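So you can see what is in the structure, the chains are spelled out below.
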Amino acid sequence: MSREPGCNRWLLFAACAHLFFLLPPLRTRAFAVSVVPEGAEDETELSVLQKSEKSRTISKISRELKEIVFIIQSQSNSFHSKRAEDLKRDILKQAADLGKELPTVLLIHQIDGHEGAWTILPLMRDLSVTYGRNSSWIFFCEEDTRIQVVKLLETLGRFDGSKEWFLGKALHDEESTIIHHYAFAENPTVFKFPDFAAGWALSIPLVNKLAKKLKSEPLKSDFTIDLKHEIALYIWQKGEGPHLTPVPEFCTDDVSSHNVDHCATTFSNFLPLCGEPVKKEDVFVAVKTCQKFHGDRIPVVKQTWEREAALIEYYSDYADVSIPTIDLGVPNTDRGHCGKTFAILERFLNHSSPRTPWLVIVDDDTLISVFRLRKLLSCYDPNEPVFLGERYGYGLGTGGYSYITGGGGMVFSRTAVQKLLASKCRCYSVDAPDDMVLGMCFSGLGIPITHSPLFHQARPTDYPKGYLSHQVPVSFHKHWNIDPVKVYFTWLAPNTEESLNGKRVGYNREDL
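Residues numbered from 1 in each chain as written. Predicted model: local features only at pLDDT ≥ 70, side-chain atom pairs only at ≥ 80, totals over all residues. Heavy atoms only, no water.

Peer 1: Honestly, the packing of aromatic side chains in this entry has me stumped. Any pointers?
Peer 2: How two aromatic rings sit relative to each other is set out by the distance from centre to centre and by the angle between their planes. Inspection of every chain in the model, using the stated rule, returns 21 aromatic pairs. Residues Phe191 and Trp236 carry aromatic rings whose centres are separated by 5.7 Å and whose planes lie at 65° to one another, so their mutual orientation is edge-to-face. Linking Phe191 in the loop between strand 6 (170–171) and strand 7 (193–194) with Trp236 in helix 8 (residues 227–236), this pair joins segments that are 45 residues apart in sequence. Here Phe191 falls in the buried class, since its relative accessible area comes to 4%. On the basis of relative accessibility, which here comes to 18%, the residue Trp236 falls in the buried class. Ring plane angle 45° and centroid distance 5.8 Å describe the contact between Tyr394 and Tyr401, whose orientation is recorded as tilted. Overall, the relative accessible area of 28% leaves Tyr394 in the partly exposed class. Residue classification places Tyr401 among the buried positions, given a relative accessible area of 10%. Ring pairing ties together the aromatic residues Phe223, Tyr392, Tyr394, Tyr401 and Tyr403, which thus form one cluster. (Phe/Tyr/Trp six-rings, centres within 6.5 Å; stacked < 30°, edge-to-face > 60°. Helix = DSSP H or I, 4+ residues; strand = E, 2+ residues; numbered from the N terminus. Buried < 20%, exposed > 50% of the residue type's maximum accessible area, 1.4 Å probe, protein only.)

This is the structure:
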């Protein structure tokens, strides 16, 4: 009898064990619910998990977004400032759509106290003091750069922001060039510098390092000719600083291109057009020449772009009726042409039609597309004091001034000429450099110069192919070791499509 209870207990245990193994594994099933969805109830749990993960992702993106300071390389002219404001609004809208705190977006032309703010380096100390503790990146871009904010964050997230980084789309010289003072003459391709159109970034540790260096070694009073190259040289510090790190997501393809799916940035690579091009009769072209160049340079002008200009005069030190040229009574000089240029300004104001709103002054070895210039000028108000062309700088680290370099062409609104000549600012000598004197004068009058990268002081061969590939250029300068007629018809001559409709068109640059 004593065995019966034990036997019963054994039979009961066996039955329970049998039932246990017949039932689904409860713990395994409970774990599976969080990994593999089963039924409507499980889908709800998965949805909650997905939303939670999305929320964490957005929170991380927003936190990282707050750590980026966007700086738009803007200008105060009304056309350019509006484009910069539009870009700022777009960046902030993308940020707002993430539902979190907005990033800092600065416009360079609104930064007070820096005549040379556009040269970037003078800003480093202020950027370090203001953003050096709570930010990770300073991201620079042009007004026509287009930014996909989330992709930009993903791109910057690949780099350790606690280290020194200089990021951008890399350009390099094909051969040594005068605009870079023949740097790296033995192998110019080794040095990389950023294409500003694609955007470029500095990590905060690098900003802090540059600020510290600038505090102990202020920028020298020197020329700023090609800013992107000069900034890269300063950061590189003869090998002691970082090289530019190429970033394939920083692009200059047009936003409509099929190649931009991977891009964090794109670029509006078309010739600006704001309505109908200005009329031919609204642009007066003044060509500076001298007797010794009548025989070789003037024929090039007549074979190329003269036909595009309705109003054109040639100013020389000798009256040649075969061209014809006009002798302004100013002798030719080898060093500078300030006296001649101011005589042209006086003549434009006093002898041309008062209804002609625009004056263009070019050298006799300037190649220019007046057709494209008329499109570009549709975006500017001639009632504003506009002084337009390729911007250089002199002594901007020590309170100098900006100026339009003359070889690429200098464009003046009549209003700008009136304000200039109404002042007492004139040449300190007849042979002073006219473009620099004009820069000093306009700076003293509080009239900022307006930069367009479509004007070029040098030849096409002096610029990186990648830089020119997203441009519709307005001018080039100098005839050294090139066929200027071929250069004009390759780079500047209006094509049939342009001539027919006068509107924005796509440019196939593969044959250049």
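Peer 1: Mind showing me how you'd approach helix 8 here?
Peer 2: Each α-helix turn comprises 3.6 residues. Residues three or four places apart therefore point the same way. Most of helix 8 is tucked away, with 8 of its 10 residues classed as buried. All buried positions along helix 8 are accounted for by Leu227, Lys228, His229, Ile231, Ala232, Tyr234, Ile235 and Trp236. Where helix 8 ends, the next residue or the one after it, Gln237, has phi of about 50°, a positive value.

Peer 1: Help me understand the pairing of strand 13 (residues 311–316), please; the structure alone is not making it clear to me.
Peer 2: A regular strand places its side chains on the two faces of the sheet in alternate fashion. Two strands pair when backbone bridges link them, and strand 12 (residues 283–288) and strand 13 are joined in this way by 5 bridges, in the parallel orientation. Considered in strand 13, the bridge of Val287 is made with Tyr314. As judged from the 3 bridges shared by strand 13 and strand 14 (residues 325–327), these two strands associate in the parallel manner. By the bridge assignment, Tyr315 is partnered in strand 14 with Ile326. (Pairing = 2+ DSSP bridges.)

Peer 1: How should I be thinking about the confidence of the model for the protein in this particular structure?
Peer 2: Detail in the predicted coordinates should be disregarded across regions flagged by low pLDDT. Summary statistics for the protein give a mean pLDDT of 87 and a share of 84% for residues scoring 70 or more. Note that residues 1–38 has pLDDT below 50 and, in this model, 5 contacts with residues that lie over four places away or in other chains. Per-residue pLDDT stays below 50 along residues 499–512; that stretch engages in 27 contacts with residues further than four places along the chain or on separate chains. (pLDDT = per-residue confidence, 0-100. Contact = heavy atoms within 4.5 Å.)

Peer 1: I tried to follow unusual backbone geometry on my own but got confused; where do I start?
Peer 2: Glycine aside, residues mostly have negative phi angles, and peptide bonds mostly take the trans form. Cis peptide bonds are those with omega within 30 degrees of zero, and the linkage from Ile323 to Pro324 qualifies with -10°. Within the secondary structure layout, Pro324 lies in the loop between strand 13 and strand 14. Here the phi dihedral of Tyr182 falls at roughly 55°; this positive angle occurs in a residue that is not glycine. Note on Tyr182: relative accessible area 45%, which makes it partly exposed. The backbone of Asn481 shows a phi angle near 55°, a positive value even though the residue is not glycine.

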